[in-house]
Amino acid sequence: MNADRDRMRAAVRARYASAATQFVETAQISDDGGCGPADCGSGAVHFDEAGFGRDFYSAAEQEQIPADAVAASLGCGNPLAVADLSIGDVVLDLGSGAGLDVLLSARRVGPTGKAYGLDMTDEMLALAQANTREAGATNVEFLKGAIEDIPLPAGSVDVVISNCVINLSADKPAVFAQTFRVLRPGGRFGVTDVVAEDHLTPQDRLERGSHIGCIAGALTSAEYRAGLAEAGFTGIEITATHEVAEGMHSAIVKAIKPR
C-alpha cells in the first residue's frame, strides 16, 4: 500500500513539475497547481480543457495578479469565491502551484494577515516565488511539503483552501486529519475539488480519466462527507458546479472545525 502511494505521489509530482517547466519554457500554459484535463496522463500537458483553467476568476481578480500566475492555473474552480476571507486571517492553500490563489488570498487578508502556499514540486514553488516577487507581496510564504503532512503547527490557520488538488492525494484521510489539526477552533475549510456521483465505482472513475488528470482519484460525495466527518469537521456542504467528465463534477466543499 505504501509503495502504491509513493508511486502515485511520484507520478503527480512529475506531472506538475512538467507543467511548470513547460510554462517557463513556452509561456503558453493557460491553466494553477490543481487539476488538468482527464486525458493529461497521455503525455504532453494539455490546457484550456473545458471545466478546468483560469475562467473561474473574474477579470478584476485576474488583473490584480501577475499574468504568469493566472496563465499557469490548472484548477477546476475558484475556492476564494466561497472561502470567506477576512482582514487578518491566516490562510493555507493546499497544492498552491504557481500561486494564483495564494496571491489573491494575500490581498484579501491584508498586511495583518498571511497567506501560505504548500506544494511538493520544486518547479511549481520556483514559479510561485517568481510570481510573488513580481506582485510585491510581503505577507506570503511558500512551503515545500505534502498535503498529507502539513509543515505548520497545530491551530495556526484560520482558513484552508485548495483548488482541485485533494483528489490527487493517495491518502485523503491524512489530508483531512492534517487540515483539521492545523485549523484553529472555528476554522473554515473551503475548497474546490472533483467529486464523483455516489453510484460511480472506483472502476467507473478510472474509466473516465486518469488519477493525475484529477478523475480516477476523486471521492464520491458520500465518501467526501464521511472523510471530513471522520476527521472531526462539521457543517459539511458539497455543491456541484459543473461536470468535468460523465458523472464527475467540480464541486465546492465547505466544512468547519468546531469551536
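Residues numbered from 1 in each chain as written. Predicted model: local features only at pLDDT ≥ 70, side-chain atom pairs only at ≥ 80, totals over all residues. Heavy atoms only, no water.

Asks: Now, about the packing of aromatic side chains: what can you tell me, with residues and values included?
Replies: On inspection of all chains with the given rule, the structure shows three aromatic pairs. Centroid distance Phe 180 to Phe 233: 5.2 Å. Interplanar angle 85°. Geometry classified as edge-to-face. In this pair, Phe 180 is assigned in helix H6 (residues 172-182) and Phe 233 in the loop between helix H8 (221-231) and strand S7 (234-245), connecting sequence segments 53 residues apart. Between Phe 189 and Phe 233, the ring centres sit 5.6 Å apart and the planes meet at 50°, which makes this aromatic pair tilted. Residue Phe 189 is found in strand S5 (residues 183-196), and its partner Phe 233 is found in the loop between H8 and S7; the two are separated by 44 residues along the sequence. When its relative accessible area of 3% is taken as the criterion, Phe 233 is described as buried. (Phe/Tyr/Trp six-rings, centres within 6.5 Å; stacked < 30°, edge-to-face > 60°. Helix = DSSP H or I, 4+ residues; strand = E, 2+ residues; numbered from the N terminus. Buried < 20%, exposed > 50% of the residue type's maximum accessible area, 1.4 Å probe, protein only.)

Asks: Account for unusual backbone geometry, naming residues and giving values.
Replies: Look at Asp 84: it is not a glycine, yet its phi comes out positive at around 55°. Following the sequence through the fold, Asp 84 ends up in the loop between helix H3 (67-71) and strand S1 (90-94). Owing to a relative accessible area of 56%, Asp 84 belongs among the exposed residues under this scheme. Phi angles above zero are rare outside glycine, and Cys 214 is one such case at about 75°. Tracing the backbone through its elements, the reader meets Cys 214 in the loop between helix H7 (202-208) and strand S6 (219-220).

Asks: So, the pairing of strand S2 (residues 114-119): which residues are in play, and what are the values?
Replies: In terms of burial, S2 is a largely internal element, five of the six residues being buried. Summarising the sheet, S1 and S2 pair through five bridges and their orientation is parallel. Looking across to S2, one finds that Val 91 is bridged to Ala 115. In this region the chain leaves S1, passes through helix H4 (residues 100-109) and returns to the parallel neighbour S2; the handedness of that crossover is right-handed. Once the chain exits S2 it traverses helix H5 (residues 122-135) before rejoining the sheet at strand S3 (residues 140-144), and the crossover so formed is right-handed. (Pairing = 2+ DSSP bridges. Right-handed = clockwise from strand over helix to strand, strands pointing away.)

Asks: Now, about H4: what can you tell me, with residues and values included?
Replies: In terms of burial, H4 is largely enclosed, as eight of its ten residues are buried. Buried residues of H4: Leu 100, Asp 101, Val 102, Leu 103, Leu 104, Ser 105, Ala 106 and Val 109, and no others.

Asks: Tell me what's going on with the pairing of strand S4 (residues 157-163), and back it up with residues and numbers.
Replies: Most of S4 is tucked away, with seven of its seven residues classed as buried. Bridging between S1 and S4 involves four bridges; their strand directions are parallel. Bridging across to S4, Leu 94 finds its partner in Ser 162. Sheet analysis places S4 next to S5, joined by six bridges and oriented parallel. Within S5, the residue paired with Val 157 across the bridge is Leu 183.

Asks: Can you explain the packing of H6 against H8? Please cite residues and give values.
Replies: Between H6 and H8, the least distance of the axes is 9 Å, while the angle of their chain directions is 45°. The angle between the axes of H6 and H8 places the two elements in the oblique class. Viewed along their axes, H6 and H8 form a crossing whose handedness is right-handed. Contact residues: H6 offers Phe 176, Ala 177 and Phe 180, while H8 offers Tyr 224, Gly 227, Leu 228 and Ala 231. Residue classes in the contact of H6 with H8 are distributed as six nonpolar, one polar and no charged. (Axes fitted to C-alpha atoms, helices over the stretch in contact; angles between N-to-C directions. Parallel < 35°, antiparallel > 145°, perpendicular 65-115°, else oblique. Left-handed = near helix turned anticlockwise from the far one by under 90°. Contact = heavy atoms within 4.5 Å. Nonpolar A, V, L, I, M, F, W, Y, C, P; charged D, E, K, R; others polar.)

Asks: Would you mind going over the side chain of Thr 132 in detail, with residue names and values included?
Replies: In this structure, Thr 132 sits in helix H5. Filtering out sequence-adjacent residues up to four positions away, Thr 132 remains in contact with Leu 103, Ala 137, Val 140 and Phe 142.

Asks: Tell me about the nonpolar core, and name the residues and values.
Replies: If you look at soluble globular proteins, the nonpolar side chains tend to sit buried side by side. Among the nonpolar cores identified, the biggest contains 30 residues, and Leu 92, Phe 189, Tyr 224 and Leu 228 are the most heavily contacted of them. For this core, the secondary-structure elements that each account for two or more residues are S1, S2, S4, H6, S5, H8, S7 and strand S8 (248-256). A per-element tally of this core places S5 first, with four residues. When near neighbours in sequence (up to four residues on either side) are disregarded, Tyr 224 contacts Ile 166, Phe 176, Val 191, Asp 193, Val 195, Leu 219, Ile 238 and Val 253. (Core = buried A, V, L, I, M, F, W, Y, C linked by side-chain atoms within 4.5 Å.)

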